[in-house]
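Residue-level structure breakdown
Each chain is listed here by its residues.
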Amino acid sequence: MRRVALIDYGKLELQNHWEGVGQLRLGTVKVNVSACSVCGSDIALFKGNRSFTEERYFGHEFSGVVVDAGDGANGIAPGTRVASELSRTCGQCWNCLNGLQNYCKSMNDALLPGGFAEETLVLNRPDYSFISSLPQEIDDVTATLLEPTNCAYRIARQANIIPGDHVVIFGMGTMGLIAARILRGMGADIVIGVDNNNARLEKIRQLNLLDVVDSNAPDWLEQIKEMVGDKGADIVIEATGVVSVLKRAFEAVRPGGKIVVASVYHELAGTLELTPIMRKELTMVGAKGPFPHRKTDGSSASLETLVNIQDDLKKLITVYDYKDALRAFEDMMSGDAIKAVVKFN
Ligand SMILES: [Zn+2]
Ligand SMILES: [Zn+2]
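Everything numeric here is computed off the predicted structure, so don't read it as measured data.

Things to note about the coordination of the zinc ion (ligand 2)
Here the zinc ion (ligand 2) is held by the protein donor atoms C90 (SG), C93 (SG), C96 (SG) and C104 (SG), which lie 2.3 to 2.4 Å from it. With 4 donor atoms in place around the zinc ion (ligand 2) and angles of 104 to 118° between them, the coordination shape is tetrahedral. Read from N- to C-terminus, the donor residues coordinating the zinc ion (ligand 2) fall into the pattern C-x2-C-x2-C-x7-C. Among the residues examined, C96 registers a relative accessible area of 8% and is labelled buried.

Take a look at the structure:
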């Protein structure tokens with residue numbers, strides 16, 4: 001068995017003779033991982049912005065095949081193709097009963113050791129599951145985007161736009177880009193992406209994904225207002241995790257507008273001026289994905305979304321062989337790759 005192990009901050013090790021996950025645990029299935037994509041939170045862990053003690057798994061955006069199901073594992077047969085996402089929670093705890101299913105359990109309990117390994121255990125109990133079975137229309141590499149699509153879907157639900165809204169998204173990582181695509185489908189009239197990474201901006205322009213503004217440009221705000229009008233955007237999504245960008249969000253949003261915060265901040269807010277929240281009567285709302293949004297027939301709303309928009313999302317992906325996993329991380333950090341997917345086979 002092979003795995004990409006994070007043995008210290010900034011240090012990935014390819015373990016070609018890893019012993020594997022061993023025995024199944026109660027309520028888990030064993031998944032032979034086919035591909036795993038690099039998430040911003042994996043990079044935060046790699047850089048040491050998140051701690052090993054907080055996060056016990058490595059890689060949570062993966063696809064593969066179930067090869068074994070243990071006692072108490074709910075209704076998923078060996079041979080089933082799956083991808084990771086929060087697909088089921090208990091429905092009984094206070095969080096679930098109050099519409100906060102994304103707080104039901106910690107992902108730490110769901111994945112061991114995570115998707116950067118050739119095999120991983122995944123919780124799939126009647127009261128909690130972190131996988132969905134895949135339809136034929138989607139390939140293993142694209143299916144690794146199910147979990148980020150789930151998170152982006154949560155952002156879109158929290159944004160709760162009305163058709164015709166103007167939206168500005170700070171942070172053109174995968175989640176920001178997928179959210180842009182979903183919001184346009186929901187009827188947003190204008191969606192503008194803002195980022196400071198030149199390589200990434202160039203790629204988005206080349207792919208003609210959406211209008212982008214370079215936040216390094218001195219007239220970045222004027223550029224936005226030229227498109228959305230003088231008052232500012234109806235909805236601003238903050239997906240960078242950089243505190244100073246919140247100040248820009250206050251500037252770009254219109255009076256009475258809404259800011260969706262979809263980031264983890266690794267710094268304190270310091271001297272950030274908060275008065276615009278009152279002066280502009282802003283609504284601020286968080287989006288902590290993933291969330292088990294289900295359709296009325298019980299199927300996954302984010303999976304259906306992913307299948308529908310997959311042709312656009314494929315353009316975001318760069319595939320790396322297992323042995324090039326380190327380069328996948330480096331290219332994500334430099335912006336040379338928008339979404340790096342590490343493939344095991
Ligand atoms: Zn993720
Ligand atoms: Zn629950």
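Side note on the domain arrangement of the chain
Along its sequence, the chain is organised into domain 1 (3–145 + 316–343) and domain 2 (150–286). Domain 1 puts 16 residues into the contact, and the matching count from domain 2 is 12 residues. When the two sides are added together, the surface that domain 1 and domain 2 hide from each other amounts to roughly 1100 Å², 53% of it contributed by carbon and sulfur. Sorting the residues of domain 1 by area buried against domain 2 places L316, G335 and I338 first, and these three jointly supply 43% of that buried surface. Joining domain 1 to domain 2, the criterion identifies 0 salt bridges. One can count 6 residue pairs in polar contact (both at pLDDT 80 or more) joining domain 1 with domain 2. Those elements that provide at least two residues to the side of domain 1 that touches domain 2 are β5 (81–88) and α11 (325–334). A per-class count over the side of domain 1 that touches domain 2 returns 8 nonpolar, 4 polar and 4 charged.

Examining the environment of P126
Within the fold, P126 resides in the loop between β7 (119–125) and β8 (128–133). Spatially, the C-alpha atoms of P126 and K258 are 37 Å apart, while their sequence positions differ by 132 residues. With sequence-adjacent residues up to four places away left out, P126 is seen in contact with G72, N74 and R88.

Points about the pattern of salt bridges
Under the defined criterion, the tally for this structure stands at 17 salt bridges. D312 serves as the salt-bridge partner of K315, at 3.7 Å between the closest nitrogen and oxygen. Accessibility expressed as a relative area gives 41% for K315, which makes it partly exposed. Residue D312 is classed as partly exposed on the basis of its relative accessible area of 24%. Here D324 makes a salt bridge to R327, at a shortest N to O gap of 3.8 Å. Residue classification places D324 among the partly exposed positions, given a relative accessible area of 23%. R327 sits in the partly exposed class, given a relative accessible area of 42%. Among the charged side chains, a network of salt bridges with common partners joins K105, R125 and D127.

Quick notes on the packing of aromatic side chains
The tally for this structure, following the rule as stated, stands at 6 aromatic pairs. For the pair F58 and F116, a centre-to-centre distance of 4.8 Å together with 45° between the ring planes defines the contact as tilted. Of the two residues, F58 sits in the loop between α1 (40–47) and β4 (62–69) while F116 sits in the loop between β6 (111–112) and β7, which places them 58 residues apart along the sequence. Measuring from ring centre to ring centre gives 5.7 Å for F116 and F329, while their planes differ by 55°; the resulting arrangement is tilted. With F116 in the loop between β6 and β7 and F329 in helix α11, the pair connects residues that are 213 residues apart, well separated along the chain.

So, the side chain of N197
Note that N197 resides in the loop between β10 (190–195) and α6 (198–207). On the basis of relative accessible area, N197 is assigned to the buried category, the value being 14%. At 3.0 Å, the side chain of N197 and the backbone nitrogen of A199 are in polar contact. At 3.0 Å, the side chain of N197 forms a polar contact with the backbone oxygen of S334.

Description of the pairing of β10
Of all 6 residues in β10, 6 are buried; the element is thus mostly enclosed. Taking every second residue as pointing to the same face, both faces of β10 are buried, with I190, I192 and V194 on one and V191, G193 and D195 on the other. Relative to β10, strand β9 (residues 166–170) runs parallel, the two sharing 5 bridges. Across the sheet, residue F170 finds its bridge partner in β10, namely V194. Between the parallel pair β9 and β10, the chain is carried across by helix α5 (residues 174–185), and the sense of this crossover is right-handed. Here 4 bridges tie β10 to strand β11 (residues 211–214), and the two strands are oriented parallel to one another. Along β11, the bridge assignment pairs V194 with V213.

Basis of the calculations
Residues numbered from 1 in each chain as written. Chains lettered and ligands numbered in written order. Predicted model: local features only at pLDDT ≥ 70, side-chain atom pairs only at ≥ 80, totals over all residues. Heavy atoms only, no water. Donors = N, O, S within 2.8 Å, 3.2 Å for Na, K, Ca; no water. Tetrahedral: all angles 85-135°; square planar, octahedral: opposite > 155°, others 65-115°. Buried < 20%, exposed > 50% of the residue type's maximum accessible area, 1.4 Å probe, protein only. Domains from an automatic or database assignment. Contact = heavy atoms within 4.5 Å. Buried area = accessible area lost by both parts, 1.4 Å probe. Salt bridge = Lys/Arg side-chain N within 4 Å of Asp/Glu carboxyl O. Polar contact = N/O pair within 3.5 Å; in protein donor to acceptor, adjacent residues only side chain to side chain. Helix = DSSP H or I, 4+ residues; strand = E, 2+ residues; numbered from the N terminus. Nonpolar A, V, L, I, M, F, W, Y, C, P; charged D, E, K, R; others polar. Phe/Tyr/Trp six-rings, centres within 6.5 Å; stacked < 30°, edge-to-face > 60°. Pairing = 2+ DSSP bridges. Right-handed = clockwise from strand over helix to strand, strands pointing away.

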